[in-house]
Amino acid sequence: MALATRAALGQTAGMTRFSFDLSATDGAARAGTISTPRGEIRTPAFMPVGTAATVKAMRPESVRETGADIVLGNTYHLMLRPGAERIARLGGLHRFMNWDRPILTDSGGFQVMSLAELRKLTEEGVTFRSHVDGSRHHLTPERSMEIQRLLGSDIVMAFDECPALPADEARVAESMRLSMRWAERSREAFGDRPGHALFGIQQGGVTPHLRAESAEALTRIGFDGYAVGGLAVGEGQEAMFGVLDYACDMLPADRPRYLMGVGKPADIVGAVKRGIDMMDCVLPSRSGRTGQAWTRRGQVNLKNARHADDPRPLDEDCGCPACRSYSRAYLHHVYRAGEMISGMLLTWHNLHYFQDLMAGMRAAIAEGRFAAWEAAFDAGRAQGDIPPA
């Protein structure tokens, strides 16, 4: 069904304002467009992860050719090397990595939790040692906002603390409330930046009343979009979907909803079904570098010997370069031989598949046939990869 909902999220004279147009829904699934000065983002959207100012094994032009409208950069990694101030001197992250479309940067909070060494958490922020060279750093909401401003991010994430699950309710509650205080400081430090957006991050683990408390605090502060954080950190798909069944409805309907760090195709489809508009994950590129391909029939392991004499394409219905021009036998060979082209071709294929997945869902939502589309998606996965005759 078509909707008239439009949220104007900032305005600049002579500049496209940051806005979200929700154009259709089908059940809880939503389709729309985020407009930014650097271009439109069609939702639901999958964001390839360019952790260190590059989507691994891909040229920026190639990433765009897969259908991606936006990529994700990482505050933690970029502050460590080459440094936010250096990137700013060189013209900002868009120019530095040769990507002229929107960029979202995460706040660094998750990586501080998962990667940093000798981590010390206080009300002020987090002190830690770099996993790269052992250097000492102090990251606060204010410093995270400053780094993301220096990078020139189009969508900035509030600084938060994300405990690994499972964790007891008291620990999750303490962490969530600290994150909400940090969200308020992030909002104040972000200031008024027309054409740019700041997203708040809902926390609360798998506990409904903590999620509700977090959503209420974020809505009171006021953000341009809202992320569902603290998932895909060990709780499992069933628990994640259980949270999404209620968490999305706690967030403003006229703002984009972003599920952080997800995921596998089935996770993405399930998230969109429950009202999520944006997702990101390293999976397509990481799988590509390890000989794994994602297709409409599920995952294909090109390391397996059964592909050595298979002249067929990886997926006969895929239009990516790996499927158009190369056989499974070749993809198997270059992976086993350790050739760089293996990661390049398989990453390109995986990103192409993920973007095709998003395009299929956008069309299905717009046409009111999402349930039928999902059934066909499930049937394809159940069929599995067909071995050669």
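On a predicted model such as this, the values are computed, not experimentally measured, just so you know. (Residues numbered from 1 in each chain as written. Predicted model: local features only at pLDDT ≥ 70, side-chain atom pairs only at ≥ 80, totals over all residues. Heavy atoms only, no water.)

All right, on to the pattern of salt bridges then. This model, assessed by the stated rule, comprises 25 salt bridges. Between Glu123 and Arg181 there is a salt bridge; the shortest N-O distance is 2.8 Å. Taken together, the residues Glu123 in the loop between β8 (117-121) and β9 (126-129) and Arg181 in helix α7 (residues 169-190) connect sequence positions 58 residues apart. In this structure, Glu374 engages Lys273 in a salt bridge whose closest nitrogen and oxygen atoms are separated by 3.5 Å. In this pair, Glu374 sits in helix α15 (residues 370-383) while Lys273 sits in helix α10 (residues 265-273), placing the two residues 101 residues apart along the sequence. Under the relative-accessibility criterion, Glu374 is labelled buried at 15%. Taken together, the shared-partner salt bridges connect Arg296, Arg297, Asp315, Glu316 and Asp317 into one network. (Salt bridge = Lys/Arg side-chain N within 4 Å of Asp/Glu carboxyl O. Helix = DSSP H or I, 4+ residues; strand = E, 2+ residues; numbered from the N terminus. Buried < 20%, exposed > 50% of the residue type's maximum accessible area, 1.4 Å probe, protein only.)

To find leftover empty space, one rolls a probe the size of a water molecule over the atoms. Computed from the structure, the largest pocket encloses a volume of approximately 980 Å³. Taken together, 44 residues make up the lining of the largest pocket; nearest its centre are Phe110, Gly261, Asp280, Cys281 and Val282. Sorting the residues of the lining of the largest pocket by element identifies β6 (71-74), α5 (109-114), α9 (237-247), β15 (278-281) and α11 (283-289) as the ones contributing at least two each. Residues that form the lining of the largest pocket fall into these classes: 17 nonpolar, 18 polar and 9 charged. The calculated volume of the second largest pocket comes to roughly 250 Å³. Looking at the second largest pocket, the residues that line it are Arg296, Asp315, Asp317, Cys318, Tyr353, Asp356, Leu357, Trp373, Ala376, Phe377 and Gly380. For the lining of the second largest pocket, the secondary structure elements donating two or more residues are α14 (340-366) and α15. (1 Å grid on protein atoms, 1.4 Å probe; cavity = no way out; pocket = protein on both sides within 12 Å on 5 of 7 lines; lining within 4 Å. Points joined across faces, edges and corners; volume = space filled by probe spheres on them. Nonpolar A, V, L, I, M, F, W, Y, C, P; charged D, E, K, R; others polar.)

The next subject is the nonpolar core. In this structure, Leu244, Leu259, Met279, Met361 and Phe370 are the most contacted members of the largest nonpolar core, which totals 93 residues. Residues in contact with Leu244, not counting those within four places in the same chain, are Val228, Leu231, Leu259, Ala271, Arg274 and Ile276. (Core = buried A, V, L, I, M, F, W, Y, C linked by side-chain atoms within 4.5 Å. Contact = heavy atoms within 4.5 Å.)

Taken as a whole, the protein chain shows an average pLDDT of 94; of its residues, 96% reach a score of 70 or greater. Between residues 1-13, whose pLDDT stays under 50, and residues either more than four places distant or in other chains, the model counts 35 contacts. (pLDDT = per-residue confidence, 0-100.)

Right, let's talk about the state of the cysteines for a bit. Following the criterion strictly, the structure yields 0 disulfides and no others. Here Cys318 stays unpaired: no disulfide links it, and the sulfur of Cys320, its closest cysteine neighbor, is 3.6 Å away. (Disulfide = S-S within 2.5 Å.)

What follows covers the packing of aromatic side chains. Applying the stated criterion across every chain, the model contains 8 aromatic pairs. Look at Phe223 and Tyr226: their rings are 6.1 Å apart centre to centre, the planes differ by 80°, and that puts the pair in the edge-to-face class. Comparing Phe223 with Tyr226, the two get one shared label, buried. Feature note: the residues Phe46, Tyr353 and Phe354 constitute an aromatic cluster, connected by ring pairs. For Arg274, the ring lying beneath its charged end belongs to Phe241, and the centroid distance is 4.1 Å. (Phe/Tyr/Trp six-rings, centres within 6.5 Å; stacked < 30°, edge-to-face > 60°. Lys NZ or Arg CZ within 6 Å of the ring centre and 35° of its normal.)

Right, let's get into unusual backbone geometry. Excluding glycine, residues mostly carry a negative phi; peptide bonds, for their part, are mostly trans. Here the amide bond leading from Arg81 into Pro82 is cis, since omega sits at 10°, within 30 degrees of zero. Of note, Pro82 is situated in the loop between α2 (75-80) and α3 (84-89). Gly263 follows Val262 through a cis peptide bond whose omega is -5°. Mapped onto the elements, Gly263 comes out in the loop between β14 (257-259) and α10. A positive phi angle, near 70°, is found at Ala53, a position not held by glycine. Position of Ala53 relative to the elements: it lies in the loop between β5 (45-48) and α1 (60-65).

Bringing the sheet that holds β9 into the picture now. Strand order across the open sheet formed by 3 strands is β8-β9-β10, with antiparallel pairing between neighbours. Each end of this open sheet is capped by a strand with a single partner; those strands are β8 and β10 (136-139). Across the sheet, the axes of successive neighbouring strands diverge by a mean angle of 15°, strand direction being ignored. As judged from the 4 bridges shared by β9 and β10, these two strands associate in the antiparallel manner. Residue pairing for β10: Arg129 is matched across the bridge by Arg136. (Pairing = 2+ DSSP bridges. Axes fitted to C-alpha atoms, helices over the stretch in contact; angles between N-to-C directions.)

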